[in-house]
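Structure at a glance
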Amino acid sequence: MESKEMDYQLAIEKVYSQISCAENIGEVATYIPELGCVDPAKFGVSLTTLKNESFGIGDCQEKISIQSIAKVLSLTLAYNIKGQELWKRVGVEPSGTPFNSLVQLEYDQGIPRNPLINAGAIVICDILLSNLKDPEHELISFVREVSQVNEISYNKSIARSEKSVGYRNRALINLMKSFGNIKNDINQVLDFYFILCSIEMTCQELSRTFLYLASDGVDPISGKKILSLSRSKRINAIMQTCGFYDEAGEFSFRVGLPGKSGVGGGIMAVHPERFCIAVWSPKLNKKGNSYKGMKFLEQFTTETGLSVF
Ligand code: GLN
């Protein structure tokens, strides 16, 4: 079906009502205490087209902890600063292991497989710390600029909560530091990483923010160039192959869009040249991806025929 003929609101509503009735399997992420407080029944969807038409249903106007979805924003910022140099510090291969796994890092001598797992995003944070004068301020300004929402910020209680239980992230950063792949003080890098993960947006803001990846690196609404064409394609390639950790193959197979998930239960996915869609449902499957979020997107791309394949 052609996008011009597509009634996105109708398509979203139809799939939403189907998935709302389906059982809601999985667990809310409780390893970060603050995230465990969220209502597991929440369910929202928003889709924004390149022409800035916005469609939504359910809890799509509620702020959510975007968690690892923010790793795409830190990657965008770092890629623009370092260019090709970036790939000396972090790879572009799927990990096939959980988002917080330590196993591979030892074999790979402290070079994370990709920038969308925790270890990779921590290295990106280290790079940003080395290259920005006021990293926290510059990160948040960048996110506000890309989203075109001035009040976007991070949730301090969630950042504190993550810090209080950040044992695995601490293990990852120590291991990478021992291999020489972390240049700054590990506490500063982790504090910055927790700020990144605790950024909050609504589904509507998420589907607006990542339009640049559906539009060759240019924000189709403001006309601002966020990334070059080649870099935008490459970030989509990394999302397609690594955006869902050890479930990236499954997501490609079932949904067929480049995207990124977070343990807050959010998923954003882009359809190049058409739209960006964001779904939120807090219960996660065993791989740490939103159970209903994946179900919704699978059904949506099946019903509409709109995937990249
Ligand atoms: N802040 C989370 C963590 O570091 C992010 C994980 C995720 O969203 N997959 O564990």
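The notes below deal with the structure included here.

The rules behind these values
Position labels on residues start from 1 in each chain and follow its written sequence. Reporting in this predicted model follows two pLDDT cut-offs: at least 70 for local features of residues, and 80 or more for side-chain atom pairs to be given and counted; totals over whole chains, interfaces and linings ignore these cut-offs and use all residues. Side-chain calculation: all heavy atoms of the structure are included, whereas hydrogens and water are not. Strands are runs of DSSP state E lasting at least two residues, helices are runs of H or I lasting at least four, and both sets are numbered from the N terminus onward. We compute the radius of gyration from the C-alpha atoms alone; for a globule the expected value is 2.2 Å times N to the 0.38, where N is the number of residues. Relative accessible area decides the class of each residue, using a 1.4 Å probe on protein chains only: under 20% of the type maximum gives buried, over 50% gives exposed, and in between gives partly exposed. In this analysis, two residues are considered to be in contact whenever any of their non-hydrogen atoms come within 4.5 Å of each other. Accessible surface is estimated by sampling points in the Shrake-Rupley manner with a 1.4 Å probe; for residues, cover comes only from the protein chains shown. The positive count covers Lys and Arg only, the negative count covers Asp and Glu only, and His and the chain ends enter neither. Here the site of a charge means NZ on Lys, CZ on Arg, CG on Asp, or CD on Glu. The length a helix should cover is 1.5 Å for every residue beyond the first. Here the arc refers to the set of directions running from the helix axis out to each C-beta atom. To qualify as a nonpolar core, a set must consist of buried Ala, Val, Leu, Ile, Met, Phe, Trp, Tyr and Cys residues joined through side-chain atoms within 4.5 Å. It suffices for a single heavy atom of a residue to lie within 4 Å of a molecule or strand for the residue to be listed as near it. Any pair of N or O atoms that falls within 3.5 Å is considered a polar contact. Within protein, one atom must be able to donate a hydrogen and the other to accept it, and sequence-neighbouring residues count only if both atoms are side-chain atoms. Charged residues are taken to be Asp, Glu, Lys and Arg, nonpolar residues to be Ala, Val, Leu, Ile, Met, Phe, Trp, Tyr, Cys and Pro, and polar residues to be all remaining types, Gly included. Strand pairing is assigned whenever DSSP identifies at least 2 bridges connecting the two strands. Every axis in this analysis is a line fitted to C-alpha atoms, fitted for helices over the stretch in contact. Angles between the N-to-C directions lie between 0 and 180 degrees. Take a side-chain nitrogen of Lys or Arg and a carboxyl oxygen of Asp or Glu: if they are within 4 Å of each other, that pair is a salt bridge.

In this section: the overall build of the protein chain. Scanning the protein chain for helices and strands turns up 12 helices and seven strands. Computed over C-alpha atoms, the radius of gyration of the protein chain comes to 18 Å, within 12% of the 19 Å expected from 2.2 N^0.38 for 309 residues, which places it in the range of a compact globule. Projected onto its principal axes, the C-alpha coordinates of the protein chain cover approximately 55 × 40 × 35 Å. Expressed as a percentage of the 309 residues in the protein chain, the buried residues total 58%. Expressed as a percentage of contacts within the protein chain between residues at least 6 apart in sequence, the contacts between residues at least 24 apart total 69%. Counting every atom, the protein chain has about 12400 Å² of accessible surface; 50% of that belongs to carbon and sulfur. Charged side chains in the protein chain number 33 positive and 34 negative. The centres of these two groups are separated by 5 Å.

With that settled, consider helix α7 (residues 167-178). Helix length check: α7, at 12 residues, gives a terminal C-alpha distance of 17 Å against a target of 16 Å (1.5 Å per residue), a fit within 8%. The complete set of buried residues in α7 reads N169, L172, I173, L175 and M176. Down the axis of α7, the sector holding all buried residues measures 160°, keeping them to one side. Away from the buried face of α7 by more than 90 degrees, exposed residues Y167 and S178 are located. In this fold, the buried residues of α7 make contact with α3 (103-107), α4 (118-131) and α8 (186-197).

Membership of the largest hydrophobic core comes to 69 residues, with the highest contact counts inside it found for I66, V72, I199, F210, Y212, L213 and M268. In this structure, M268 is in contact with I69, V72, F210, M239, P258, G259, K260, C276, I277 and A278, ignoring residues within four places of it in sequence. Counting residues in each nonpolar core, the second largest holds 26 residues, with F244, V255, A269 and M294 among its members.

Residues in close proximity to the ligand include Y31, Q67, S68, F99, N118, E162, N169, Y193, C197, Y245, G262 and V263, which together make up its full environment. Contact between the ligand and Q67: a nitrogen atom at 2.6 Å from a side-chain N or O atom of the residue. At a separation of 2.6 Å, a nitrogen atom of the ligand approaches a polar side-chain atom of E162. Protein contact buries 99% of the 300 Å² of open area that the ligand shows by itself. Tallied by class, the residues present in the shell around the ligand amount to six nonpolar, five polar and one charged.

On to the sheet that holds strand β6 (residues 266-271). Within the open sheet, the five strands sit side by side as β2-β1-β7-β6-β5. Their pairing is antiparallel. Each of the sheet's edge strands pairs with one partner strand only, and the pair in question is β2 (54-58) and β5 (259-261). Averaged over all pairs of adjacent strands, the angle between their axes in this sheet comes to 10°, without regard to strand direction. Here β6 pairs with strand β7 (residues 275-280) via six bridges, running antiparallel. Bridging from a neighbouring strand, M268 pairs with A278 of β7. Sitting on the sheet, helix α1 (residues 8-21) touches β1 (44-49), β2 and β7, and the angle it makes with β2 is about 20°.

Our next topic: the environment of V90. Relative to the elements of secondary structure, V90 occurs in the loop between α2 (70-82) and α3. You can call V90 buried: its relative accessible area is 0%.

With respect to the secondary-structure elements, R208 resides in helix α9 (residues 203-209). What R208 contacts, discounting residues up to four positions off in sequence, is T48, V146, S147, Q148, D219 and I221.

Another aspect to go through is the side chain of S46. By the secondary structure assignment, S46 is in strand β1. Residue classification places S46 among the buried positions, given a relative accessible area of 0%. Reaching out from S46, the side chain makes a polar contact with the side chain of S207 at a distance of 3.0 Å. Setting aside anything within four residues of it in sequence, one finds S46 in contact with S54, F55, G56, C60, C203, Q204, S207, C276, I277 and A278.

As a further point, take the pattern of salt bridges. Pairing between side chains becomes possible if they bear opposite charge and their charged atoms approach one another. Taken as a whole, this structure holds 12 salt bridges when the rule is applied. A salt bridge links K42 to E62; the nearest nitrogen and oxygen atoms lie 2.7 Å apart. Of this pair, K42 sits in the loop between α1 and β1 while E62 sits in the loop between β2 and β3 (64-65); the two residues are 20 residues apart in sequence, bridging distant segments of the chain. Judged by relative accessible area, which is 30%, E62 ranks as partly exposed. Among the salt bridges present, the one from E298 reaches R254, with a minimum N-O distance of 2.9 Å. Remark: R254 occurs in helix α11 (residues 248-254) and E298 occurs in helix α12 (residues 291-304); sequence separation between them is 44 residues. Residue classification places E298 among the partly exposed positions, given a relative accessible area of 23%. Residue classification places R254 among the partly exposed positions, given a relative accessible area of 21%. When salt bridges that share partners are traced, they join E250, R254 and E298 into one network.

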